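Geometric and topological summary
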Amino acid sequence: MMRVLRRLASLKLTLAALVWLGGGVVYGHWREGHFTVALVPPLLLLALNLMAAVATHSAFRRWNGLLIFHLGLIAIVLLAALGRLTYLTGRVELSQGEEFGGRLIESDAGSWHAGDLHRVKFFNEGFRIAYSPGLQRGQTRNLVRFLDDSGKEQTKEIGDQTPLVLSGYRFYTSPNKGFAPAFIWHPAGGGAPMLGTVHLPSYPVNEYRQAREWRLPGTAIQVWTLLQFDEVLINPDATSEFKLPDRHKLVVRIGDRRHELQPGDAVELPEGRLEYDGLRTWMGYTVFYDWTIHWLLVVSMLTVGALGWHYWRKFAARPWNETRLHEMT
Amino acid sequence: MIELKILWAALLAYVFAGSIAIVAVLLKKRPERTVLALMTAGLLLHTASIAMRWERLGHGPFITLFEILSSNVWSMMLAFALAYWRIPAIRPSAAVVMPVLFTVMGWLLMTNPGEGHLPPTYHTIWLYIHIGFGKVFFGAVLIALGISGVILARRTAFGAGRFERLPDDRRLAELSFRCMAIGFVFETLMLIAGAIWAQDAWGRYWAWDPLETWAFITWLIVGISLHARLTFNLSPRLGAWLVIGVFVSAFLTFFGVPFISNTPHQGAV
């Protein structure tokens, strides 16, 4: 048993596994998305090698810092693995005044993710973004409203470095934001009216493509919507701020009929009445969940601190130019 | 602009310091006080130039290629000047280090000193911490490079003659190993600080973007070189080659990847 452990604890095996890990990183980078397959085998081998080394090498008993550093590395690998099994990343867009109800536009989650996102609720209350000359985006200041853990309503300004954190889910404002025409759909036959928004392509990056096709709820009717305005909203030559246009018109094409709408105008259809309620903004968010991040930070700091302590003790014990030849390593 | 003129004056001081150091090694002279004085003068001028630009633009030197090269010349020069001052035994290694710095200075001179925009994701203290740790790492590797260059140069009759008064190869290798160990600690800190910044700025702490990938590969190479020294009791010559490998990897990470890839590290979002 000890012989097997000693072989597994070989420093040469450590080197081979480190080189394998490096190769895995290069492979994962080259074949995008193959990081897990490329990194798990060498990391497993390194973890086994390290545990065997801790059990058999006397250096770890002599140097506590070295021991803590290596145990920390094992803990980081384990935490990262747990993080990969339980994480969630995703993306969502919310119109001004809209409540987040737990649904994401797209998401990716680890197989052990518990899925508590449906319990997370908050409202997007609009944003402010200043622009410098040259359409250089400044800080995003997005006001959100939510219920805290005690059930009390809170408002908070988030953006860029400041996420909204609810039940461990972190909502970050993304660079994507734009205009959202709001419609009320009154179905023929007396169904309940439905309020909805159409998120036009992100502005100002898609300044000249402010159109989108969508489908009326409960029907097969396709609606093409274009926002038109003459105003220069974000002046490329001056400091300005993202804002709604003072005057605009909404062009709506249904079949071969074209309509130009102002807020309050409506289009009558056999299937119901489509009323244009007005123009709002929408904000894009990236969503991130990984309960391990704080633990990773603590363990990483302990690990690097232990390494620094180890080297400090080792180097302080003897000046570099007084080291005896047989003690060089 | 006055800040540019001051920068050129600083570079001139560095070039004089480096040239004197190289000639001194060739002629076996020791004008070390002059070299140190010129390095210090260059650093003071360079600091003033960076401070003036910082004050004018309202952000530190980490947006454009010009700023990044300038701040790295400053930090590399500061690291080596400190080593030159505190470890007199390795002063002739300036003949190895200064040509490397001349190369980066030449690149700096050919770069457009125009202004860049500070992206909103750069408004964080973690940027300063991340960059600060990175500079200490690169400075430590630069000093190790100088020492390793001496070890390798001494393999030739010409180099052996010019660098004969330095400590023996074993002791130089030990000092180089210590620099690499310090570099390893600070590169680890740089990666941790970078992960904290990335989490806040882009909502993920690690995404294997090209810069993160290369920084991790460099970290692995440093780890491998430190481990290899323990495992195989490497000769100073082989250890020196490993240090050069680490320096090349770090150089590509610091100065290559950010400018050939379209990653968030460029501040594109």
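The text that follows walks through the structure, step by step, so that each part is easy to find. None of the values given here were measured: they were computed from a predicted structure. (Residues numbered from 1 in each chain as written. Chains lettered and ligands numbered in written order. Predicted model: local features only at pLDDT ≥ 70, side-chain atom pairs only at ≥ 80, totals over all residues. Heavy atoms only, no water.)

Tallying each qualifying case throughout the model produces 40 aromatic pairs over all chains. Plain terms: the ring middles of A:Phe69 and B:Phe184 are 6.4 Å apart, the flat faces sit at 75° to each other, and that makes the pair edge-to-face. A residue pair is termed interchain when its members come from two chains, as with A:Phe69 in helix 5 (residues 64-86) and B:Phe184 in helix 7 (residues 169-202). For the residue pair A:Phe69 and B:Phe184, the accessibility class agrees, reading buried in each case. Aromatic ring contacts, followed pair by pair, group A:Phe35, A:Phe69, B:Phe184, B:Trp206, B:Trp208, B:Phe216 and B:Trp219 into a single cluster. The lysine or arginine in question, A:Arg145, covers the ring of A:Phe123, its NZ or CZ lying 4.3 Å from the ring centre. The ring of B:Trp85 has B:Arg86 sitting right over it, with the charged end atom 5.1 Å from the ring centre. (Phe/Tyr/Trp six-rings, centres within 6.5 Å; stacked < 30°, edge-to-face > 60°. Helix = DSSP H or I, 4+ residues; strand = E, 2+ residues; numbered from the N terminus. Buried < 20%, exposed > 50% of the residue type's maximum accessible area, 1.4 Å probe, protein only. Lys NZ or Arg CZ within 6 Å of the ring centre and 35° of its normal.)

The interface is formed by 46 residues belonging to chain B together with 47 residues belonging to chain A. The contact between chain B and chain A buries some 4200 Å² in all, and 73% of this surface belongs to carbon and sulfur atoms. For the side of chain B that touches chain A, the secondary structure elements donating two or more residues are helix 7 and helix 8 (210-232) of chain B. No other element matches the 16 residues that helix 7 of chain B contributes to the side of chain B that touches chain A. For the side of chain B that touches chain A, the residue count by class is 28 nonpolar, 11 polar and seven charged. (Contact = heavy atoms within 4.5 Å. Buried area = accessible area lost by both parts, 1.4 Å probe. Nonpolar A, V, L, I, M, F, W, Y, C, P; charged D, E, K, R; others polar.)

In this structure, A:Tyr311, B:Met39, B:Phe80, B:Ile90, B:Leu142, B:Ile143 and B:Ile147 are the most contacted members of the largest nonpolar core, which totals 91 residues. Considering every element that reaches this core, the biggest residue donor is helix 7 of chain B, with 14 residues. In this structure, A:Tyr311 is in contact with A:Ala316, B:Phe177, B:Ala181, B:Val185 and B:Leu226, ignoring residues within four places of it in sequence. Judged by nonpolar contacts, the second largest core, of 45 residues, contains A:Phe100, A:Leu117, A:Leu200 and A:Tyr276. (Core = buried A, V, L, I, M, F, W, Y, C linked by side-chain atoms within 4.5 Å.)

With that out of the way, let us pick up the pattern of salt bridges. Residue and element names in this part refer to chain B. This structure, assessed with the given rule, holds 29 salt bridges over all chains. When the shortest N-O distance is used, the salt bridge between Arg53 and Glu67 registers 3.0 Å. With Arg53 in helix 2 (residues 32-57) and Glu67 in helix 3 (residues 65-86), this residue pair connects regions lying 14 residues apart in the sequence. Using a relative accessible area of 8% as the deciding quantity, one classes Arg53 as buried. Judged by relative accessible area, which is 1%, Glu67 ranks as buried. Across the pair Arg178 and Glu174 runs a salt bridge whose closest N-O atoms are separated by 2.8 Å. (Salt bridge = Lys/Arg side-chain N within 4 Å of Asp/Glu carboxyl O.)

Residue and element names in this part refer to chain A. On the secondary structure map, Tyr169 appears in strand 8 (residues 169-187). Taking C-alpha positions, Tyr169 is 33 Å from Ile234, a pair spaced 65 residues apart along the chain. When sequence neighbours within four positions are dropped, the list of residues in contact with Tyr169 reads Leu88, His113, Gly115, Asp116, Leu117, Val120, Leu164, Val287, Phe288 and Tyr289. A polar contact of 3.3 Å, which involves the side chain of Tyr169, links it to the backbone nitrogen of Leu117. (Polar contact = N/O pair within 3.5 Å; in protein donor to acceptor, adjacent residues only side chain to side chain.)

Residue A:Pro204 is bonded to the preceding A:Tyr203 through a cis peptide linkage, with omega at 10°. With respect to the helices and strands, the residue A:Pro204 is situated in the loop between strand 9 (194-197) and strand 10 (211-215). One non-glycine residue, B:Trp208, adopts positive backbone phi at about 55°. When you line up the elements, B:Trp208 lands in the loop between helix 7 and helix 8. For B:Asn233, which is not glycine, the phi dihedral falls at a positive 45°.

All names here are of chain A. Taken together, four strands build an open sheet; the order of strands is 10-11-13-14 and the sheet is antiparallel. Taken across any chain shown, the strands that pair with only one partner, and hence form the sheet edges, are strand 10 and strand 14 (257-261). Taking the axes of each pair of neighbouring strands and ignoring which way they run, one obtains an average angle of 20° across the sheet. (Pairing = 2+ DSSP bridges. Axes fitted to C-alpha atoms, helices over the stretch in contact; angles between N-to-C directions.)

Let's shift gears to the pairing of strand 8 of chain A. One face of the sheet, then the other: side chains in a regular strand alternate in exactly this way. All names here are of chain A. Of all 19 residues making up strand 8, 15 are buried, and the element is well covered by its neighbours. With three bridges joining them, strand 7 (residues 164-166) and strand 8 adopt antiparallel strand pairing. Bridged to Leu166 within strand 8 is Tyr169. In this antiparallel pair of consecutive strands, strand 7 and strand 8, the connection spans two residues, and Ser167 shows a positive phi of 50°. Sheet analysis places strand 8 next to strand 9, joined by four bridges and oriented antiparallel. Directly across from Phe183, in strand 9, lies its bridge partner Gly196. Linking strand 8 to strand 9, which pair antiparallel, is a turn of six residues; within it Gly189 sits at a positive phi near 95°.

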